[in-house]
Amino acid sequence: MGKLFGTDGVRGIANKDLTPALAFKLARVCGYILSEKKKDGSPYFIIGKDTRISSDMLEHAIVSGLCSAGVSALKLGVVPTPVVSFLTSRTPACGGVMISASHNPFPDNGIKFFSSRGFKLEDREEDEIEALLEKHHELPFPSGKELGRVLGEDIIHTYLSSVKENIFNLYDGNLLKGLKIVIDCANGASFVIAPAILKELGADVIEMNISPDGININDKCGSTCVESLSLRVVSEQADIGFAFDGDADRVISVDRRGHTVDGDKMMFIIASYLKDKGMLKNNLVVSTVMSNLGFELALKKKSIQMVRTNVGDRYVLEAMIKHGGILGGEQSGHIILLDYNNTGDGFITALMLLKIMLDTGKSLETLGSEVAKYPQILVNIPVLDKNSFGNDLYLRELIEKEEKNLSDRGRILVRPSGTEPLVRVMVEALDKKEMNDVAERISSEIRKRLC
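Nothing here was measured: the structure is a model prediction, and the numbers come from that model. (Residues numbered from 1 in each chain as written. Predicted model: local features only at pLDDT ≥ 70, side-chain atom pairs only at ≥ 80, totals over all residues. Heavy atoms only, no water.)

Q: Tell me about the packing of helix 8 (residues 263-276) against helix 11 (residues 346-360), residues and numbers included.
A: Contact pair helix 8 / helix 11: the axes reach a minimum separation of 10 Å and the direction vectors enclose 50°. Classed by the angle they form, the pair helix 8 and helix 11 counts as oblique. For the crossing formed where helix 8 meets helix 11, the hand is left-handed. Contacts from Met266, Ile269, Ile270, Tyr273 and Leu274 of helix 8 reach helix 11 at Thr349, Met352, Leu353, Lys355, Ile356, Asp359 and Thr360. Looking at side-chain class alone, the contact of helix 8 with helix 11 contains eight nonpolar, two polar and two charged residues. (Axes fitted to C-alpha atoms, helices over the stretch in contact; angles between N-to-C directions. Helix = DSSP H or I, 4+ residues; strand = E, 2+ residues; numbered from the N terminus. Parallel < 35°, antiparallel > 145°, perpendicular 65-115°, else oblique. Left-handed = near helix turned anticlockwise from the far one by under 90°. Contact = heavy atoms within 4.5 Å. Nonpolar A, V, L, I, M, F, W, Y, C, P; charged D, E, K, R; others polar.)

Q: Could you give an account of empty space enclosed by the protein, with specific residues and numbers?
A: It is a probe the size of a water molecule, rolled over the atoms, that shows where empty space is left. One pass over the full model with this rule turns up three cavities of 30 Å³ or more. Here the largest cavity is characterised by a volume of approximately 80 Å³. For the lining of the largest cavity, the class distribution of residues is three nonpolar, two polar and five charged. (1 Å grid on protein atoms, 1.4 Å probe; cavity = no way out; pocket = protein on both sides within 12 Å on 5 of 7 lines; lining within 4 Å. Points joined across faces, edges and corners; volume = space filled by probe spheres on them.)

Q: Explain the pairing of strand 19 (residues 422-429) to me, and be specific about the residues and the numbers.
A: Most of strand 19 is tucked away, with eight of its eight residues classed as buried. Residues Leu422, Arg424, Met426 and Glu428 point to one face of strand 19 and Val423, Val425, Val427 and Ala429 to the other, with burial holding for every one of them. Bridging between strand 17 (residues 376-382) and strand 19 involves seven bridges; their strand directions are antiparallel. Note on strand 19: the bridge partner recorded for Gln376 is Glu428. Bridge analysis of strand 18 (residues 410-416) against strand 19 gives seven bridges, and the strand direction is antiparallel. Looking at the pairing, Val414 lines up with Val425 of strand 19. (Buried < 20%, exposed > 50% of the residue type's maximum accessible area, 1.4 Å probe, protein only. Pairing = 2+ DSSP bridges.)

Q: Could you give an account of the sheet that holds strand 17, naming the residues involved and the relevant values?
A: One open sheet accounts for three strands, arranged 17-19-18; its pairing is antiparallel. Edge positions in the open sheet fall to strand 17 and strand 18, since each of these has one partner strand only. When the angles between neighbouring strand axes are averaged without regard to direction, this sheet yields 10°. Helix 13 (residues 393-406) rests against strand 18 and strand 19 of the sheet, and its axis sits at about 160° to strand 18.

Q: Provide a residue-level description of unusual backbone geometry, including the pertinent values.
A: The phi dihedral of Ala186 falls on the positive side, at around 60°, and the residue is not glycine. With respect to the helices and strands, Ala186 occurs in the loop between strand 8 (180-184) and helix 6 (193-200). Look at Ala186 and you get buried, because its relative accessible area is 0%. In this structure, Asn209 takes a positive phi of about 55° despite not being glycine. You can see Asn209 is positioned in the loop between strand 9 (204-208) and helix 7 (227-235).

Limitation: the analysis is restricted to geometry and does not speak to function.
In structure tokens form, the structure reads like this:
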């Protein structure tokens, strides 16, 4: 068996790659390991899911796996990933599970595990689970009153109250009164909570893609497809728009002119605000190798240090903890604010932007105007075996040659996707034609050799 865990849990086509049998074994082993590490009280996991048709199937398998390991399951139903992380860290739960494939199309699904502290599992913990997976039948099989059960406590309000109170301090129902906000919920996990939070804060909320049917999650909507949101913001003369992905751990914003404000610009806005307030711990922002050079230069002008990591929020989080940062994220809109939650949280990011707009009296486009982004292209190439890319000497030498030719006029990043069978080619350059030419030369050779 190859390595199951990618950069964001276990993913695959539901009922083909990610089967109920596999979900049962993963939950059984993970339940056993994490409950052994936290022995106080009756062990239980918090479980959330997105709106995919396969999420119910996998939820039943996971609950069965946990109960067979003597671990109970507190089911939250359809909720965003950050809700599971938050509540796992603030209750006696020994772990959490989110069933979602995030921004992937609906046939895919995934399983993300969280430790009792609300953090995604570390590599060593995932390795421990994989090592026991084929020997799960050798683990103890409790019986009688030692079996796990399904719990029904309603605790989601704890997350909702905390988010509003912690960001807006003493909030009231009129905080956002006068603001018109368009939200695209991607027919995903945010379709109930996102409108509710904003309406409770007094905003005039225009909702898009809030009718999930099991197969329309992320379908031409959400954070990976913001065109319709941009048009709606302009036509409604709204102040701002937010597009969440399928599990709402990321968000992309749109300003009142319909221009996209991605993760880089949102991080710059938040970092600048926190620095001005003396709240940016260690004067640091953590981002990935995908972040635009223009973002890095804008931070430098503000005397804010930037640390780059590999792609994946888990690597961002590791670097934040290592360097003592409280703000980090990805260009995709996956932003972590450690003062509020232990994982990327689209709601918290959105509310922080609204708070900054209120406190400064500035529009979103004005706040982000200091980031002059380099032209950037990202080409996703479906390949037969994404891991073969690293072994291709010809491709490595070609990329080195292109990097040398480009010099300090830009940069190149070519890498296999952590979650999909793709090789991603990213090129930035001051000259747009040069950028496109370099990307095409590299992409063409990858298609010839790996497709």
